[in-house]
Amino acid sequence: MARPRSTGVTVRAIAAEAGVSIATVSRVLNGHAHVTPQTRDAVRGAAERLSADATFPGAAGRPPGAVFVRCPYLLTDYFGIIVSSITETLDLHGRQVILNAGGGTRDSSVLAGLADRSGVDGAILILPPEPSSELVALRARDFPFVVVDPRTPLPRDIAGVSAAHFAGARSVTAHLVGLGHRRIGVIGGPDEWMASRSRRAGHASALADAGVLPSPELISSVEPTADAGHGAACRLLALPQRPTALVAFNDKAAVGALRAAHEHGLRVPEDLAIAGFDDDYLSSSVVPPLTTVRQPLEELGRMAVSLLTRLMAGHAVEALHVELATELVVRDSTGPVAHA
């Protein structure tokens, strides 16, 4: 349930003031017909007394409050695209943005006091590092927020937007399987990330279709950086029976794998196929250009704003967990398996 407005007055408070249930307040806010005039008047009166009249259509409330956008990472290509999309879309809605970004903000405790911040109507949290318990506590305050690219599985009543990680990973591995590859190394992200687990499952699903079980020695978990990808690729290529293809968690790690292939005297894709994920600017800038999975980063931002706008208005939202489709982009870094 969303908080009706930025003064800190919640739907729960209106329900208590009017002596009705939270569900009844929601029906009034959403304009449902099956509410008696007496009940509607009671809820409206309670809202007015609590200075929450800005929720109702046509009411002369104060201008809409700001949206708090938290992205505790460097605003490089991946995160920068999402944040830019969010801020541009919020601007179209007449919303100001309070941006909390950069690696230095990662350890700051901001969620606990977010619901009490004056002039803030809602929040968008991008890959939040906070434990699920803090998200649940914030949700219990009836404060509207949306999580973009959640790190861990979200409770069913917390709104979240992500890419279809399982389907994306499955598509790129199926592409490699179709080229004859069976011994495929995976340079995965951190084990605790939901995206990492989903992609690993998608990879295993595509291999299973070919009658192949994933080999534990071919799977690594690293931070999604070029240096970490390089290190993981070097370890995989040093195996007595090296992989014929590598799938990386993102394009940065794939670029690191390209460097490792060069250092091992391997040609890409003739001797080793390499694929990434994200389709950021790196994927088409390197030689050879990377086969990758395109994430709809701008649409992730726009969808997050759309969900949050409905939550801040007190609208009922049935689909709180949204997955956006990915797209396989085939370039020159993948080719048929080399036969001895």
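Participant: What's the story with the overall build of the protein in this structure? I'm lost.
Facilitator: A tally of regular secondary structure across the protein gives 11 helices and 12 strands. Counting only residues that meet the buried cut, the protein has 53% of its 340 residues in that class. Partitioning the contacts of the protein with sequence separation of at least 6, the portion at a separation of at least 24 is 72%. Of the roughly 14,800 Å² of accessible surface on the protein, a fraction of 54% belongs to carbon and sulfur atoms.

Participant: Looking at this structure, how should I read the nonpolar core?
Facilitator: Soluble globular proteins tend to pack their nonpolar side chains together in the buried interior. By size, the foremost hydrophobic cluster in this structure holds 32 residues, and its most contacted members are Ile82, Ile86, Ile124, Ile126 and Val146. Broken down by secondary-structure element, the contributors of at least two residues to this core are strand S1 (66–71), helix H4 (77–92), strand S3 (120–126), strand S4 (145–148), strand S5 (159–163), helix H11 (297–312) and strand S11 (321–324). Sort the elements by how many residues they give to this core and H11 lands first, with 8 residues. Those residues within four positions of isoleucine 82 in sequence are excluded, and the remaining contacts are Ile126, Val148, Leu297, Leu300 and Gly301.

Participant: Whenever I open this one, the sheet that holds strand S7 (residues 219–221) confuses me. Can you help?
Facilitator: Working definition: the strands of a sheet are paired by backbone hydrogen bonds and lie parallel or antiparallel to each other. Strand order across the open sheet formed by 4 strands is S7-S6-S8-S9, with parallel pairing between neighbours. The open sheet has two free edges, formed respectively by S7 and strand S9 (273–275), since each of these has just one partner strand. Taking each pair of neighbouring strands and ignoring which way they run, the sheet shows an average axis angle of 15 degrees. Across 4 bridges, the pairing between strand S6 (residues 184–188) and strand S8 (residues 245–248) is parallel. Residue pairing across strands places glycine 185 opposite leucine 246, the latter belonging to S8. Across the sheet, helix H8 (residues 226–237) touches S6, S7 and S8, and the angle it forms with S6 is around 150 degrees. The strands touched by helix H9 (residues 251–263) within the sheet are S6, S8 and S9, with S9 carrying the most contacts at an inclination of about 160 degrees.

Participant: Teacher, can you tell me more about helix H7 (residues 194–209) here?
Facilitator: Because each turn of an α-helix spans 3.6 residues, side chains separated by three or four positions in sequence point in the same direction. Over its 16 residues, H7 runs 23 Å from end to end, which matches the ideal 22 Å to within 8%, given 1.5 Å per residue. If you check which residues of H7 are buried, you get Ala195, Ser196, Arg199, Gly202, His203, Ser205, Ala206 and Leu207. In this structure, the buried side of H7 is in contact with helix H6 (165–178) and S6. Where H7 ends, the next residue or the one after it, glycine 211, has phi of about 75 degrees, a positive value.

Participant: Just checking my understanding: could you explain unusual backbone geometry for this structure?
Facilitator: Of all residues except glycine, most have a negative phi; of all peptide bonds, most are trans. Omega for the peptide link from valine 268 to proline 269 comes to 10 degrees, which places this bond in the cis form. Looking at the element boundaries, proline 269 is found in the loop between H9 and S9. A cis amide bond links valine 287 to the next residue, proline 288, at an omega of -5 degrees. Relative to the elements of secondary structure, proline 288 occurs in the loop between helix H10 (281–285) and strand S10 (292–294). Phi angles above zero are rare outside glycine, and leucine 127 is one such case at about 40 degrees.

Participant: Please explain the environment of alanine 248 as it appears in this structure.
Facilitator: Counting through the fold element by element, alanine 248 comes out in strand S8. The exposure class assigned to alanine 248 is buried, which follows from its relative accessible area of 4%. Separated by 59 residues in sequence, alanine 248 and glycine 189 place their C-alpha atoms 8.3 Å apart. Contact partners of alanine 248, with chain neighbours within four places excluded, come to Ile187, Ala253, Ala254, Ala275, Gly276 and Phe277.

Participant: When you look at the packing of aromatic side chains in this model, what are you seeing that I'm missing?
Facilitator: Each aromatic ring pair is summarised here by two numbers: the centre-to-centre distance and the angle between the ring planes. Applying the stated criterion to the full structure yields 3 aromatic pairs. Between tyrosine 73 and phenylalanine 79, the aromatic rings sit 4.6 Å apart at their centres with planes inclined by 10 degrees, giving stacked as the arrangement. Here tyrosine 73 and phenylalanine 79 have matching classes, each one buried. Consider the rings of tryptophan 193 and phenylalanine 249, whose centres lie 5.9 Å apart with planes at 65 degrees: the pair is edge-to-face. Placement of the pair is tryptophan 193 in the loop between S6 and H7 and phenylalanine 249 in the loop between S8 and H9, with a sequence separation of 56 residues. The pair formed by tryptophan 193 and phenylalanine 249 is uniform in burial state, with each residue classed as buried. The ring of phenylalanine 249 has arginine 199 lying over it, and the distance from NZ or CZ to the ring centre is 4.1 Å.

Basis of the calculations
- Residues numbered from 1 in each chain as written.
- Predicted model: local features only at pLDDT ≥ 70, side-chain atom pairs only at ≥ 80, totals over all residues.
- Heavy atoms only, no water.
- Helix = DSSP H or I, 4+ residues; strand = E, 2+ residues; numbered from the N terminus.
- Buried < 20%, exposed > 50% of the residue type's maximum accessible area, 1.4 Å probe, protein only.
- Contact = heavy atoms within 4.5 Å.
- Areas by Shrake-Rupley, 256 points an atom, 1.4 Å probe, with all protein chains shown as cover.
- Core = buried A, V, L, I, M, F, W, Y, C linked by side-chain atoms within 4.5 Å.
- Pairing = 2+ DSSP bridges.
- Axes fitted to C-alpha atoms, helices over the stretch in contact; angles between N-to-C directions.
- Expected span 1.5 Å × (residues − 1).
- Phe/Tyr/Trp six-rings, centres within 6.5 Å; stacked < 30°, edge-to-face > 60°.
- Lys NZ or Arg CZ within 6 Å of the ring centre and 35° of its normal.

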